[in-house]
Amino acid sequence: MSKIHNFSAGPAILPSSAIEASIEALKDFAGTGLSLIEISHRSKEYEAVVAEATQLVKDLLKVGDNYEVVFLQGGASLQFDMVPMNFLNDGQKAAYLNTGVWAKRAIKEAGFFGQVEVVASSEDKNYSYIPKGYSIPNDAAYFHCTSNNTIYGTEMFEYPQTNVPIVCDMSSDIFSRPIDASKFAMIYAGAQKNMGPAGATLAVIRKDFLATIKRKIPTMLDYRIHIENGSMYNTPSVFAIFVTMHTLRWIKSIGLEAMESRNKEKADLLYAEIDRNPLFKGTVNVEDRSRMNVNFVLNDPSLEEEFFKLCKSHNLSGLKGHRSVGGLRASLYNALEIESVQALVNAMQAFEKIKS
Ligand SMILES: *Cc1c(COP(=O)(O)O)cnc(C)c1O
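K.L.:
Describe the packing of helix α2 (residues 44-61) against helix α7 (residues 238-254), naming the residues involved and giving the relevant values.
P.N.:
For the pair α2 and α7, the least separation of the axes is 9 Å and the interaxial angle reads 40°. In terms of orientation, α2 and α7 fall into the oblique class. Crossing geometry of α2 relative to α7 is assigned as left-handed. On α7, the residues touching Tyr46, Val49, Val50, Glu52, Ala53, Leu56, Val57, Asp59 and Leu60 of α2 are Val238, Ile241, Phe242, Met245, Leu248, Arg249, Ile251 and Lys252. For the contact of α2 with α7, the per-class residue count stands at 13 nonpolar, no polar and four charged.

K.L.:
Explain helix α4 (residues 101-110) residue by residue, including any values.
P.N.:
What α4 keeps buried is the set Ala103, Ala106, Ile107, Glu109 and Ala110. On an axial view of α4, the arc spanned by its buried residues comes to 165°, and they lie on one face.

K.L.:
Give a description of the pairing of strand β2 (residues 67-72) that names residues and reports values.
P.N.:
Walk down a regular strand and you will see the side chains alternate between the two sheet faces. Buried residues dominate β2, accounting for five of its six residues. One ladder, built from six bridges, connects β2 with strand β10 (residues 201-206); its direction is antiparallel. Within the sheet, the bridge partner assigned to Leu72 lies in β10 and is Thr201.

K.L.:
If you had to explain the sheet that holds strand β14 (residues 328-331) to someone new, which residues and values would you point to?
P.N.:
Spatial strand order, β11-β12-β14: three strands in an open sheet with antiparallel pairing. Edge strands, defined here as strands with exactly one partner in the open sheet, are β11 (280-282) and β14. Mean inter-strand twist for the sheet, computed between neighbouring axes without regard to direction, equals 35°. Direction of pairing for β11 relative to strand β12 (residues 293-298): antiparallel, over a ladder of three bridges. In the strand pairing of β12, Phe280 is matched with Leu298. Together, β11, β12 and β14 form the strand contacts of helix α8 (residues 256-276), whose direction differs from that of β12 by roughly 15°.

K.L.:
Run through the environment of Ser356, naming residues and quoting values.
P.N.:
Within the fold, Ser356 resides in the segment after α10 (338-355). Each C-alpha atom, one on Ser356 and one on Ala203, is 50 Å from the other, the two residues being 153 residues apart in sequence. Only 3.2 Å separates the side chain of Ser356 from the backbone oxygen of Lys353, close enough to count as a polar contact.

K.L.:
Could you give an account of the site of the ligand, naming the residues involved and the relevant values?
P.N.:
Around the ligand, a shell composed of 13 residues is seen, among which Ser77, Thr150, Asp169, Gln192 and Lys193 lie nearest. In this structure, Ala76 approaches the ligand through a main-chain N or O atom, which is 3.1 Å from an oxygen atom. A distance of 2.9 Å separates an oxygen atom of the ligand from a polar atom in the side chain of Gln192. For the ligand, the accessible surface in isolation is 390 Å², of which the surrounding protein chains cover 88%. Per element, the largest residue contribution to the shell around the ligand is four residues, and it comes from helix α3 (residues 75-87). The class makeup of the residues in the shell around the ligand is three nonpolar, eight polar and two charged.

K.L.:
Mind laying out the pairing of strand β8 (residues 166-169), listing which residues take part and the relevant values?
P.N.:
Along β8, one buried face is formed by Ile166 and Cys168 and the opposite face, lined by Val167 and Asp169, is buried too. In this structure, strand β5 (residues 143-146) lies alongside β8, joined through four bridges in parallel fashion. Considered in β8, the bridge of Phe143 is made with Ile166. Bridge count for β8 against strand β9 (residues 186-190) is three bridges, and the pairing is parallel. Bridged to Val167 within β9 is Met186.

Reading the values: the criteria
Residues numbered from 1 in each chain as written. Predicted model: local features only at pLDDT ≥ 70, side-chain atom pairs only at ≥ 80, totals over all residues. Heavy atoms only, no water. Axes fitted to C-alpha atoms, helices over the stretch in contact; angles between N-to-C directions. Helix = DSSP H or I, 4+ residues; strand = E, 2+ residues; numbered from the N terminus. Parallel < 35°, antiparallel > 145°, perpendicular 65-115°, else oblique. Left-handed = near helix turned anticlockwise from the far one by under 90°. Contact = heavy atoms within 4.5 Å. Nonpolar A, V, L, I, M, F, W, Y, C, P; charged D, E, K, R; others polar. Buried < 20%, exposed > 50% of the residue type's maximum accessible area, 1.4 Å probe, protein only. Arc of directions from axis to C-beta. Pairing = 2+ DSSP bridges. Polar contact = N/O pair within 3.5 Å; in protein donor to acceptor, adjacent residues only side chain to side chain. Near = heavy atom within 4 Å. Areas by Shrake-Rupley, 256 points an atom, 1.4 Å probe, with all protein chains shown as cover.

So this is what it looks like as structure tokens:
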């Protein structure tokens, strides 16, 4: 079988080491003679997986004991509810940055729990840029932003200077580069973009921020319960955390500095071709271009179907833009090799030859 280049936006490409380890563990997990998905999550072999995954997150983010790391379920979307339910106390307001569909969904959910102030929005230009120079009210319970806008292909490379706790949805660029985690009161991410399969959600929360919880929270939605129970208050997403742990091992073996160079090189290669090739154009503000999700269109949209056919014949998969925006989107997550980006560039150049 020839290699398929996987540009899917999520669930997305994972390192082959994680896939191989999963296949093995589905047959015989850690020498138990039983499958990973048919043993107790409280077995010592599985508890070691959760412990290692938790430690790998701490190592990669370089956070100390003033942060809690927990694996949850319900996707990043449930975090849109859990964050305000836990941290937006009665009578308070929360500040939100509206940079896309996911941010907007987070804003909508926060509205169920308290007052929401949208401090800036890029909706006026179809989310093609990251707003800058806005101010955050000092009395906000927290400021919520989305580091990478998966659907539109914009990414935040700088964060506002503020004393307000920053909560960031990093679902689609977590571990793609080093970050200063100490700037954030909370980071969360659904695993399936850059960290593992669907079913696990990571939350990293600073202890002083956790201490601001005042409202009575239903048990399953209370961060403190999941933290106190080491991500095992109830049955965790056993398989998803296992694959995530192996993906984190692989990320650590490369290192976040090297990962950033790889990701930058891949993105530069593709954006350079988009800018050079007269058939294509990028759709977002150049300085806000995401390294994870590259959005572009054909200058003549009537050629789109033909280009998709060519992509298919070049073994390029997952390039259709999100159903809400159309066009093309190439997701270049950590595990995607530069050879795959080169294969896409080759297809774009082949298309240029056909059309000239
Ligand atoms: C995909 C995505 C989500 C939604 O994640 P689910 O796990 O499907 O709930 C939220 N935020 C961002 C930035 C995403 O990319």
